Amino acid sequence: MASDADEPLPPPMRPAAAARPKRHVLLTMHHSPDAPLAPNAQKVLLELKGVSSAASRAPLDLVAVIDVSGSMEGDKLESVKKALLFVIHKLTDQDRISIVKFDHEATRLCPLLPVTEASRARLEGLVGDLKTRGSTDIRAGLQTGLDVVANRKITAGRAASIMLMSDGRQIEDGDPRQFEPGNVAVHTYGFGADHDHDVMTAIAERSLDGVYNSVPDSDNPKELAVAFAPILGGLTTIVAQDMELTVTAIQGEATIKKVDAGTYRLRTSSDISSSVTISFGNLYSAEVRKVMVELALSDRTASQSYRASVAEVQYRFAFQGQEVTSRPQRIIIYRRRRASADPANAPLPVQTEVARLEHVASIKEAVAKADGGKLEDARNTLRAALEALRRIVDPVVDMLRRELRKLLELFETEETYRNQGRSAALSSISSHGRQRGGPDKDTLIFGTPRMITNLEQAKQRDDMPVPSADQDAQLELEERPGWLQDVLPVALRLLAAVLSLLAFSIIASARTSGWDGEYYGRYEPYRYAVAVNVIVCFYSIAQVFVRIRRSVSPQLRSTSCYRVTLFLDQVLAYLLMSASSAAASSNHLWVSRFGEDPFHAKITAAVWFSFLAFLALSANALISTANLFSRI
């Protein structure tokens, strides 16, 4: 179907910031630092993260494809209407939306309209007028939606996505599971407990980066908004389009045995062992894509230890019409004779990702057993998966445990599995395959800050207005640079580490002949000060890394972490003050009796540094208190 001309976009409400696309994506590599000279396999975890602010994002062209066939009559269609109104209110005047309805035929109700105040009334009227009739042809609805995307007049720098809202019950000829959406993301939403999970899952997975979502049976607009909030929080924060990652093995050093990127498309060279390219589609602000690469390292037993470049990694993406290609980065592993190839020695991020992949495989196995009538065997599989996660301590693994406990509840009986468990499990599998969002509002494993914000807004009172994506972005800009939560604590931690390092270094360098001799007792306060300052120095450095990690992954900011930090800040601040006071008192007493000398001058300087470190640590204790109370 040919699309009429789309309505022109209004001028932006504020000048667009100059784009710096090279800073939109960050590549991180995790692997064992060394490996044996003998042939062995090594797992390498590659992480691509959208690091740009959500305020600098691609405007969205969204096509809502709505099932209005007879099977949607009643609560299903009313739920669709309420959900679609939430979507409309979240978009901005730089975003556009087109509504397509289908039964046994498809009709485009409007071209791509900029979501302005004037057009919202028109769009709300179109939604309110939706009525059910006829049979179902999902393929016709999807094809009309794709035609709207293909016939856009304005495409430069804009991201296009389709939302399919249906019960997935195809009646007309043709299997919608075989529909080819090309390079457009199709996010599917299954309405009703009786919706066809397999159809809705297959449609999403055949698209570039779409996700299947199960919408709960509810007449509560909040519950419906919660179901749409995560994906919508991503679509309004796209910072990279057409994202691709290429891994190339270095000839003679390694070959590629396996690449696990979930359900994203892989393109291989003529020889799969030499090069693999993964296509991710769109990347959201603060979203992470993980790729597990298993490399087979060559035999180097005839060589001496050396630094081996085993593979090369490069990514590319588009933003605001600009094509960006990163510099190739080498994966370097130190090959030495006595190195271990034991997977248990792999870095924690690698172990966590391996556990997550095994976790997904367990859920798939449990679904297959439950579908075969072996529900208790399925529950045993989920229990075994839960037990396997006990050995890993990581916030992501904590969420995996919660996911399994929730599934165990939904696999309790045949009825709960049929009505809720199967759709929840398939939604979970889809979420893991795309590394996007989460299976429900309580287990947002791949959540981003904007997704979390949208969820919180969806749960607000009915009389609270729904902010637009622009208002969310403006709020984020006002909160930056996160002075109290991010910048100041890191600066104070670094200051405390430097001051305590200077304090114990000066005291240690000022040792005299009596340090270990006849005046042993005289030096006890100084030894105490050295010990406390060493502890404070290493603690402060560790806290810097923790702070940086929390800034990169806001979902890791748990209440328990803040409680532990506050406790340690208070204890170490007290020890540091007592050590500084004891050293200062002892030094003053000795000087008053025997006079000043170079040793005591150094102790005086060290005490001042230690006292300043105490002030920095005390300031951090106050910030830890503020952070804790803000989360209670």
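Conventions and cut-offs
Residues numbered from 1 in each chain as written. Predicted model: local features only at pLDDT ≥ 70, side-chain atom pairs only at ≥ 80, totals over all residues. Heavy atoms only, no water. Phe/Tyr/Trp six-rings, centres within 6.5 Å; stacked < 30°, edge-to-face > 60°. Buried < 20%, exposed > 50% of the residue type's maximum accessible area, 1.4 Å probe, protein only. Lys NZ or Arg CZ within 6 Å of the ring centre and 35° of its normal. Helix = DSSP H or I, 4+ residues; strand = E, 2+ residues; numbered from the N terminus. Contact = heavy atoms within 4.5 Å. Axes fitted to C-alpha atoms, helices over the stretch in contact; angles between N-to-C directions. Parallel < 35°, antiparallel > 145°, perpendicular 65-115°, else oblique. Left-handed = near helix turned anticlockwise from the far one by under 90°. Nonpolar A, V, L, I, M, F, W, Y, C, P; charged D, E, K, R; others polar.

Participant: Please explain the packing of aromatic side chains as it appears in this structure.
Facilitator: The description of an aromatic ring pair rests on the distance of the ring centres and on the angle between the ring planes. Throughout the structure, instances matching the rule amount to 7 aromatic pairs. Note on Phe 411 and Tyr 417: the rings are 4.8 Å apart at their centroids and 65 degrees apart in plane angle, and the pair reads as edge-to-face. Residue classification places Tyr 417 among the buried residues on the basis of a relative accessible area of 4%. Here the aromatic cluster, defined as three or more aromatic residues joined through ring pairs, consists of Tyr 189, Phe 191 and Phe 228. The aromatic ring of Tyr 264 is capped on one face by Arg 434, whose charged end is 5.3 Å from the ring centroid.

Participant: Could you clarify how one ought to interpret the side chain of Ser 540 in this entry?
Facilitator: Relative to the helices and strands, Ser 540 resides in helix 13 (residues 524-552). Ser 540 gets classed as buried once you look at its relative accessible area, which sits at 0%. The contacts of Ser 540, once residues within four sequence positions are left out, are Arg 493, Ala 496 and Ala 497.

Participant: Would you mind showing me how to read the packing of helix 8 (residues 395-410) against helix 9 (residues 414-434) here?
Facilitator: Geometry of a packed helix pair, given as the angle between the helix axes and the separation of the axes. Where helix 8 contacts helix 9, the axes come no closer than 8 Å and their chain directions differ by 155 degrees. Here helix 8 lies roughly antiparallel to helix 9, going by the angle between them. Relative to helix 9, helix 8 is oriented so that their crossing is left-handed. Across from Leu 400, Glu 403, Leu 407, Glu 409 and Leu 410 in helix 8, the residues of helix 9 making contact are Thr 416, Tyr 417, Gln 420, Gly 421, Ala 424, Ala 425, Ser 428 and His 432. In terms of residue class, the contact of helix 8 with helix 9 is made up of 6 nonpolar, 5 polar and 2 charged.

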